[in-house]
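Here is how the chains run, residue by residue.
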Amino acid sequence: MTKATINLDVGTCAGRVDIGFAVKQSREAVGYSVEDLSLTCGLTGAEITRIELGADVDPGRLRRIAAALQVPTSTFRPA
């Protein structure tokens, strides 16, 4: 068995995870499921799931989610 080395930019990854967490927290605060948010903002459930996992932080998608949840886009900026 060989050891795998993973090079990970922790600063970038942490910011993305924080954004994903903020999206999920905001979605849950208004009582939306992923499907509810999907229908409201026009993104697929898979796109929303990727955003909540921190794998996708596309500004255009985040603006659509913020509008659907009626929160300022600054809600999803990393700390």
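Quantities reported herein were computed from a predicted structural model and do not represent experimental measurements. (Residues numbered from 1 in each chain as written. Predicted model: local features only at pLDDT ≥ 70, side-chain atom pairs only at ≥ 80, totals over all residues. Heavy atoms only, no water.)

Caption draft 1: Representation of the confidence of the model for the protein chain. When the pLDDT values of the protein chain are averaged, the result is 83; 76% of them are 70 or greater. For the protein chain, the element scoring lowest by mean pLDDT is helix α1 (residues 10–29), at 77; helix α2 (residues 34–41) scores highest, at 97. Per-residue pLDDT stays below 50 along residues 1–12; that stretch engages in one contact with residues further than four places along the chain or on separate chains. (pLDDT = per-residue confidence, 0-100. Helix = DSSP H or I, 4+ residues; strand = E, 2+ residues; numbered from the N terminus. Contact = heavy atoms within 4.5 Å.)

Caption draft 2: Broad picture of the nonpolar core. The biggest cluster of nonpolar side chains holds 14 residues, and the ones touching the most others in it are Val23, Leu37, Cys41, Ile65 and Phe76. Of all the elements in the fold, those that place two or more residues in this core are α1, α2, α3 (45–52) and α4 (59–69). Among the elements that make up this core, the one with the highest residue count is α4 (five residues). When sequence neighbours within four positions are dropped, the list of residues in contact with Val23 reads Ile51, Glu52, Leu62, Ile65, Leu69 and Phe76. (Core = buried A, V, L, I, M, F, W, Y, C linked by side-chain atoms within 4.5 Å. Buried < 20%, exposed > 50% of the residue type's maximum accessible area, 1.4 Å probe, protein only.)

Caption draft 3: Structural detail: α4. Those residues of α4 that fall on the buried side of the exposure criterion are Leu62, Ile65, Ala66, Ala68 and Leu69. End-on, the buried residues of α4 take up no more than an arc of 165 degrees, which puts them together on one face. The exposed residues of α4 that point more than 90 degrees off its buried face are Arg63 and Ala67. Near the N-terminus of α4, the side chain that reaches the backbone nitrogen of Gly60, with its oxygen 3.2 Å away, is that of Asp58. In the segment just after α4, Gln70 is the residue with positive phi, at about 55 degrees. (Arc of directions from axis to C-beta. Polar contact = N/O pair within 3.5 Å; in protein donor to acceptor, adjacent residues only side chain to side chain.)

Caption draft 4: Just α2, in detail. Inspection of α2 places Leu37, Ser38 and Cys41 among the buried residues, and these make up the whole buried set. Down the axis of α2, the smallest arc covering the buried residues is 105 degrees, so these residues share one side. Counted as exposed and oriented over 90 degrees from the buried face of α2: Glu35 and Leu39. Note on α2: the residue one or two positions beyond its end, Gly42, has a positive phi of about 85 degrees.

Caption draft 5: Inspection of the environment of Ile19 at higher detail. Within the secondary structure layout, Ile19 lies in helix α1. What makes Ile19 buried here is its relative accessible area of 8%. Sequence separation between Ile19 and Leu53 is 34 residues; the distance between their C-alpha atoms is 8.8 Å.

Caption draft 6: Focus on the side chain of Asp56. You can see Asp56 is positioned in the loop between α3 and α4. The class of Asp56 is buried, set by a relative accessible area of 11%. Only 3.0 Å separates the side chain of Asp56 from the backbone nitrogen of Asp58, close enough to count as a polar contact. One polar contact links Asp56 to Arg61, side chain to side chain, over a distance of 2.8 Å. In this structure, Asp56 is in contact with Arg50, Ile51 and Arg61, ignoring residues within four places of it in sequence.

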